[in-house]
Amino acid sequence: MIVILDSKRRLTIPASLAPALPGEYFDARFDAEEDAIVFRRLPERGKEDWLAVLKQCPVSMDDIPSRRRQRARRRKL
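Residues numbered from 1 in each chain as written. Predicted model: local features only at pLDDT ≥ 70, side-chain atom pairs only at ≥ 80, totals over all residues. Heavy atoms only, no water.

Engineer: In this structure, what is going on with the overall build of the chain? I would like to understand it.
Structural biologist: Each helix and strand in the chain was counted, giving one helix and two strands. Tracing the chain from N to C terminus, the helices and strands come up as β-β-α. Expected size for 77 residues packed as a compact globule is a radius of gyration near 11 Å; at 21 Å, the chain overshoots this value by more than 25%. Overall, the C-alpha framework of the chain stretches about 55 × 40 × 30 Å when taken along its three principal axes. (Helix = DSSP H or I, 4+ residues; strand = E, 2+ residues; numbered from the N terminus. Rg over C-alpha atoms; globule rule 2.2 N^0.38 Å.)

Engineer: Explanation requested: unusual backbone geometry in the structure shown.
Structural biologist: Negative phi is the rule for most residues except glycine; trans is the rule for most peptide bonds. At Arg-9, a residue that is not glycine, the phi angle is positive and equals roughly 60°. On the accessibility criterion, Arg-9 (68% relative accessible area) is exposed. Look at Asp-35: it is not a glycine, yet its phi comes out positive at around 55°. For Asp-35, the location among the structural elements is in the loop between β1 (26–31) and β2 (36–41). On the accessibility criterion, Asp-35 (60% relative accessible area) is exposed. (Buried < 20%, exposed > 50% of the residue type's maximum accessible area, 1.4 Å probe, protein only.)

Engineer: Would you mind showing me how to read the pattern of salt bridges here?
Structural biologist: Side-chain pairing between opposite charges can occur once the charged atoms of the two side chains come close. Tallied over the full model, the rule gives three salt bridges. Asp-6 serves as the salt-bridge partner of Arg-10, at 3.0 Å between the closest nitrogen and oxygen. Judged by its relative accessible area of 47%, Arg-10 is partly exposed. For Asp-27, the salt bridge goes to Arg-29, with nearest N and O atoms at 2.8 Å. Residue class for Asp-27 comes out partly exposed when judged on its relative accessible area of 22%. You can call Arg-29 exposed: its relative accessible area is 53%. (Salt bridge = Lys/Arg side-chain N within 4 Å of Asp/Glu carboxyl O.)

Set out below in C-alpha cells:
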C-alpha cells in the first residue's frame, strides 16, 4: 500500500486496514532500521496511571527552575 501526504501534511489510512474509533491516541515513531513510520495504539487517556506517566518523565521535579516571584516589568520602547 502506498500512503501519500495531503496538502495539510496528513496521512490517511483506510479504516479496513487499521480499525479505530474517533478519539483514540496513537504513538508515531520513525524506525531508522526499517525506514518506516510505526504507529502504536496508546491506552485511553482516562485509564492511564498518572504516577506511571510521572515516573517516565526524563526531568526530575527537583531540577525544574523555580518561578520568579516578581511581576514582569514593562519594556520602554
